[in-house]
Amino acid sequence: MKLKETLENNIMVVVVAVAVAVAGTTFAVVNYYNAQKVASIEQSFNFKLAKLESKLASIDRDLPGIEHFDIRGLFLAENETRGIDPGLFYFKDDRFYASKSDPYWKYSKTTELALIKLVTGIDFDDPMLGMLGQAAVKFPIHLWRADESIVMVDKGEELNLFPHIIVQKVPNSEIGEVLGLGVSFGRWVDEEDDIDFDADDIDLSGDEDVDELLAAMNRAYYNDAAGFFFLMQTLVNFNSAMMAPNQVFKIKKVQKLGNILYCQFVTEFYDVTVREQTTTVYLHQEIMVISERDSLYFIKITLPSLEPQPRAPIFANVNGWLTNVKLVRD
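Since we're looking at a predicted model, the values are computed, not measured.

## Remarks on the pairing of strand E8 (residues 150-154)
Logical step 1: Of the two faces of E8, only one is covered, namely that formed by Ile150, Met152 and Asp154; the face formed by Val151 and Val153 stays uncovered.
Logical step 2: When E8 meets strand E9 (residues 157-161), the two strands line up antiparallel, connected through five bridges. Among the inter-strand pairings, Val151 is bridged to a residue of E9, identified as Asn160.
Logical step 3: From the end of E8 to the start of E9, which pair antiparallel, there are two residues, and Lys155 there has a positive phi angle of about 55°.

## So, the nonpolar core
Logical step 1: Formed by 33 residues in total, the largest nonpolar core has its most connected members in Leu74, Trp144, Met288, Ile290 and Trp321.
Logical step 2: Sorting elements by how many residues they give to this core places helix H9 (residues 312-322) first, with five residues.
Logical step 3: In contact with Met288, other than residues within four places in its own chain, are Ile59, Phe69, Leu74, Ile260, Leu261, Tyr262, Tyr297, Phe298, Ile299 and Leu322.

## Here's the deal with the sheet that holds strand E3 (residues 75-77)
Logical step 1: Strand order in the open sheet formed by four strands is E3-E15-E5-E4, with mixed pairing between adjacent strands. On the outer flanks of this sheet lie E3 and strand E4 (89-91), each paired with one strand and no other. Each neighbouring strand pair of the sheet contributes to a mean axis angle of 30°, computed without reference to strand direction.
Logical step 2: Across two bridges, the pairing between strand E5 (residues 96-98) and strand E15 (residues 326-329) is antiparallel. If you follow Tyr97 over to E15, its bridge partner there is Lys326.

## Remarks on the environment of Lys256
Logical step 1: Summarising the element assignment, Lys256 is placed in strand E11 (residues 247-257).
Logical step 2: Owing to a relative accessible area of 47%, Lys256 belongs among the partly exposed residues under this scheme.
Logical step 3: Through-space distance from the C-alpha of Lys256 to that of Ile59 is 8.5 Å; in sequence the pair is 197 residues apart.

## Remarks on helix H4 (residues 112-120)
Logical step 1: Those residues of H4 that fall on the buried side of the exposure criterion are Leu113, Leu115 and Val119. All buried residues of H4 lie within an arc of 160° about the axis, which places them on one face of the element.
Logical step 2: Immediately beyond the C-terminal end of H4, within one or two residues, lies Gly121, with a positive phi of roughly 80°.

## Considering the confidence of the model for the protein
Logical step 1: On average, residues of the protein carry a pLDDT of 75, and 64% of them reach 70 or more.
Logical step 2: With pLDDT under 50 throughout, residues 47-54 is counted as low confidence; its partners more than four residues away or in other chains account for three contacts.
Logical step 3: Throughout residues 182-205 the model reports pLDDT below 50, and contacts reaching past four residues in sequence, or to other chains, amount to 30 contacts.

## Let's talk about the side chain of Ser99
Logical step 1: Mapped onto the elements, Ser99 comes out in the loop between E5 and strand E6 (106-110).
Logical step 2: For Ser99, a relative accessible area of 9% translates into the label buried.
Logical step 3: At 3.3 Å, the side chain of Ser99 forms a polar contact with the backbone nitrogen of Ser101.
Logical step 4: Here Asp102 takes part through its backbone nitrogen, which lies 3.4 Å from a polar atom of the side chain of Ser99.

## Side note on unusual backbone geometry
Logical step 1: Phi is positive for Asp62, which is not a glycine, with a value near 55°.
Logical step 2: Mapping Asp62 onto the fold places it in the loop between strand E1 (58-60) and strand E2 (68-70).
Logical step 3: The phi dihedral of Arg95 is positive, around 55°, even though this residue is not glycine.
Logical step 4: Structurally, Arg95 is set in the loop between E4 and E5.

## Describing the side chain of Asn319
Logical step 1: Of note, Asn319 is situated in helix H9.
Logical step 2: The exposure class of Asn319 is buried, given its relative accessible area of 8%.
Logical step 3: Looking at Asn319, its side chain comes within polar contact range of the main-chain oxygen of Pro64, at 2.9 Å.

Cut-offs and rules
- Residues numbered from 1 in each chain as written.
- Predicted model: local features only at pLDDT ≥ 70, side-chain atom pairs only at ≥ 80, totals over all residues.
- Heavy atoms only, no water.
- Buried < 20%, exposed > 50% of the residue type's maximum accessible area, 1.4 Å probe, protein only.
- Helix = DSSP H or I, 4+ residues; strand = E, 2+ residues; numbered from the N terminus.
- Pairing = 2+ DSSP bridges.
- Core = buried A, V, L, I, M, F, W, Y, C linked by side-chain atoms within 4.5 Å.
- Contact = heavy atoms within 4.5 Å.
- Axes fitted to C-alpha atoms, helices over the stretch in contact; angles between N-to-C directions.
- Arc of directions from axis to C-beta.
- pLDDT = per-residue confidence, 0-100.
- Polar contact = N/O pair within 3.5 Å; in protein donor to acceptor, adjacent residues only side chain to side chain.

Rendered as structure tokens:
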């Protein structure tokens, strides 16, 4: 029998032997057990260290399935792409991998304008909203949507809410043009009386107030692009809630981790109609704003629900998608 087996299978023999022995045997046996203990401690320490490192590099989603999302798995270096799952599709123009064959999610490449029309039914090609329409088609979006939906009716207006995920890449070099469209539109609406106009005819260049505001917004964007987006997003949502007495907007979670800003929002719609029943609809959203050297990436997950928290099965579909998305870095 080997010494290791003898020591581990005959504990009483060891105890007696050590009790009657002197220095040599005692030191040898003690050192054996110490070595075993050190190995066990080292293994436990390495496990705990890896777990701690993962937690420190993780977004605290506190949602079913993936409570802590390790952002290290979100990025791939150029030389790491050879080992990528062959089932993932590479979106070359925007430099990321994701699944296009998930049976739950139907993929399409589209625009914000088209998505808004799917949800609201409103045609933003109307000249009145010409400039906002230009901004809403400036950068394509990659859309994954589910077939299921909640048709919500509020004050006669019908909204089609469905689970979906968006990925969008916005080059820093082009953000100024979008900011300019928004500022110009807002300024024009404040001053113009005649609503019959062609958006292409509007020219507010040279307006010192517009130029000053646009310059300030550009500075804010380049100082902290992710923070700037968070401010704009929350302002839009809060303003929307202020205009609708039956709508409440809540910030559930905000976390900044490295170059990623993570937010959870929920918008509650009270006293709305679904399937001819008066109820409350909850719109849960997760947003990741990833600030890279020359661009911003947006990952936005939207889940409508008739309950305060969507049920676990939907998160299994979200988590499956989320664990597969990979952004490629130079």
